[in-house]
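# A structural walkthrough
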Amino acid sequence: MSAQINRGVLARILWRSFFFQAANNYERMQNVGFAYCIQPALERLYAGDDLQRAYERHLDFFNSHAYMTDALLGAVVKLEEDVAAGRISPDQVRAFKATMMGPLAAIGDSFFWASLKPFAAALAVAGIFSGVPWAPIVFLLLYNLFHLGLRAYGLSAGYASGERVFEKICRIDLVQFSDRSHYLAGICLGVASATLLDTTLHGPFALGQGLEFVVLVGLVLILFQSLKRKLDMPWLLYGFSALTLSFVVGLNTFFPLFR
Amino acid sequence: MTHSLAVDLGAITLLGALLALDRRAAFQLMLSQPLVVIPLVGLLLGCLPESIWLAAIVQLLWMASLTVGASVPPNETLASVVIGGIALLHARYFDGLDRATEALAVLVGAPVSLVGRWLDVRLDKENAHLAARADRAVAERDYATLSRLPLVGLMRTFVADGALVALSLIVGLALLVNLRPTPGGPVYEALGTVGTYILPALGIAVALTTLRRRRALALAGASFVLTFVGLLWLGRTE
Amino acid sequence: MNPFCRVDNRLVHGQIIATWMPHLRYQRVLVASDTVPTNTLQTTMFRMAIPQPVAFEALPIKQAAKVLAARTYGSERVIVLVESVADAVRLFEAGNPFAELNIGNVHHAAGRRRFTNAVYLSPEEITQLEGLMKRGVRVEIRSLPTEAPIDLRAALEQP
């Protein structure tokens, strides 16, 4: 660790990275956020014209995944040290950022948004339906274990190894993790559906004679296919609710004895 | 703690606007997911147990709402604050909570997710000023201003989302109280059926679309059958 | 099956992995660029970000055009990614006459016209795309498969 960049600076960058997306804008996405996060390091490394130019290059377009950006911030701090020492040119930092933001977003989006979040949520939903009221706490703990862990690890590993941080991230193999979590999420959703069906069987709106099974499974299949054919969730919500309403009300109006 | 409807409306608005920040602008600890938002509203109103089922259902319904790249998904956080808020306020101040009322709350509150998305897009467009201000600050070497810009962004989001939540809570609650049918009638039965069948089935269907492997779907089917048979067996031996 | 051609400043990123690939079940990602194939860091990262069963290749534009024109991939479902409109035009002119072009992400800069929140085109790019359209290419602006596509020809007719 160099004289200018100490643990305190990295800790401030970590804290600021929680506000990385506070100033998102459509023109340059997270550029203000990036400059804001890297600020403590720039203030230590540069002064005068150099400082101004450093800020300018960190206001470039930037768009990546918020959690993965900590690893990139760590690596960029390391690179900026090299720039300040005259070992590399500032353009290399620019190119590095532009190169890395896409793949990092790909890994972050597919691991956190498309895999871990649905899996942790499916687990908690299955828990709630099976009578575990504190399941949302499990959801938060499980998710944030990965989230906070990756942020802190990414920043320190990024600073320690510079450009080579991505070999370390590769070694965690989040992509493989993503794949597996979909199987686990599938199992959780199966359990959730079964417990849900069980409560329906004993609930106030039970239909009797095992009809609940047919109705629920049939509905899930129809709705799943409709969603796959790009019908929106809100559209289906109102469409099927209106159908149910007219059906039940109609049944009661024309065959009052039927119920 | 003494409660009054006005104080509770204010408290939910404040909580909702804070949680809305967690959705993207700050932290992203997933406190903004319906699964957490609705129990927190329940905790605030002192009716946590009643909030849990609704939390699970709303979570499932908006499970596919992903933020990737520059695309903007429906805002499930604002929708769940409003759905949870009006349902639980109804439980506390009006006439309890049952499947029919919960279903009506979802139907009344769901459009807020779309209005929320519109607001998100507006805010991101407005934030172009922040990028311009950052450029100016650097040109003038006024770096302290640069470090304040994220706070400006946060405040904007907080105020805008808070205003939307407050307005939607008042309109939504009025709709819920006035539209709620008398228990026992056909419309009540119908809403109960929506709450018992349509919402869970739609929620599960949305959640299934987030599975990316075909084998994951097969596993979901298998675990469903196994669990259900297990539950039937348990029920028989009791 | 015809490859899906897309202009995207960020090439491989979350939108490709989390939405387009599951949507059309792509089996191969081909990045056509004259800078990417020589950048080992970038190709390693792309390879890592793309799930294992999907093949990944980065080729210089001329070579990519040759490979695509020869239909080397048979019935494989291929997504072709280029970094800019200019690269798309070069790919087309190098002998890969694709029939449809998707514009996914083109970042904002001064003097660019806004089409969506993610696509800003410069006057030169619009001229280049008009050239492609005259030669029968259908150009759509769409970041995600779930969005409604915007036809560029229709969008240009509006003031």
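Since this is a predicted model, take the numbers as computed values, not measurements.

All names here are of chain C. The strand order S3-S2-S4-S1-S5-S8-S9 describes an open sheet built from seven strands, whose pairing is mixed. The open sheet is flanked by strand S3 (55-59) and strand S9 (150-151), the only strands paired with a single partner. Strand contacts of helix H1 (residues 14-24): strand S1 (4-8), strand S2 (28-32), strand S4 (78-82) and strand S5 (100-105), with the helix running at about 155° to S1, the strand carrying the most contacts.

The next thing to look at is the domain arrangement of chain A. The extent of an interface is frequently quoted as the accessible surface area lost upon association of the parts. Residues and elements named next belong to chain A. By the assigned domains, chain A splits into domain 1 (7-172) and domain 2 (175-258). Relative to domain 2, the C-alpha centre of domain 1 lies at a distance of 40 Å. With 13 residues of domain 1 at the contact, the number on the domain 2 side is 12 residues. Between domain 1 and domain 2 lies a buried interface of about 1100 Å² when both sides are counted; carbon and sulfur atoms form 78% of it. One can count zero salt bridges joining domain 1 with domain 2. Between domain 1 and domain 2 we count two residue pairs in polar contact (both at pLDDT 80 or more) in total. Among the elements that line the side of domain 1 that touches domain 2, the one with the most residues is helix H5 (residues 90-129), at 11 residues.

All right, on to the confidence of the model for chain C then. Confidence in the prediction of chain C, expressed as mean pLDDT, is 92, and 100% of residues score 70 or more. As scored by the predictor, the complex reaches a pTM of 0.93 and an ipTM of 0.95.

What follows covers the packing of helix H1 (residues 7-17) of chain A against helix H6 (residues 135-161) of chain A. Residue and element names in this part refer to chain A. Contact geometry for H1 and H6: axes closest at 11 Å, N-to-C directions at 140°. Comparing the axis directions of H1 and H6 gives the class oblique. Taken as a pair, H1 and H6 cross one another with a handedness that is right-handed. Contacts from Leu10, Ile13, Leu14 and Ser17 in H1 reach Arg151, Ala152, Leu155 and Tyr159 in H6. Considered class by class, the residues forming the contact of H1 with H6 number six nonpolar, one polar and one charged.

How each quantity is defined
- Residues numbered from 1 in each chain as written.
- Chains lettered and ligands numbered in written order.
- Predicted model: local features only at pLDDT ≥ 70, side-chain atom pairs only at ≥ 80, totals over all residues.
- Heavy atoms only, no water.
- Pairing = 2+ DSSP bridges.
- Helix = DSSP H or I, 4+ residues; strand = E, 2+ residues; numbered from the N terminus.
- Contact = heavy atoms within 4.5 Å.
- Axes fitted to C-alpha atoms, helices over the stretch in contact; angles between N-to-C directions.
- Domains from an automatic or database assignment.
- Buried area = accessible area lost by both parts, 1.4 Å probe.
- Salt bridge = Lys/Arg side-chain N within 4 Å of Asp/Glu carboxyl O.
- Polar contact = N/O pair within 3.5 Å; in protein donor to acceptor, adjacent residues only side chain to side chain.
- pLDDT = per-residue confidence, 0-100.
- Parallel < 35°, antiparallel > 145°, perpendicular 65-115°, else oblique.
- Left-handed = near helix turned anticlockwise from the far one by under 90°.
- Nonpolar A, V, L, I, M, F, W, Y, C, P; charged D, E, K, R; others polar.

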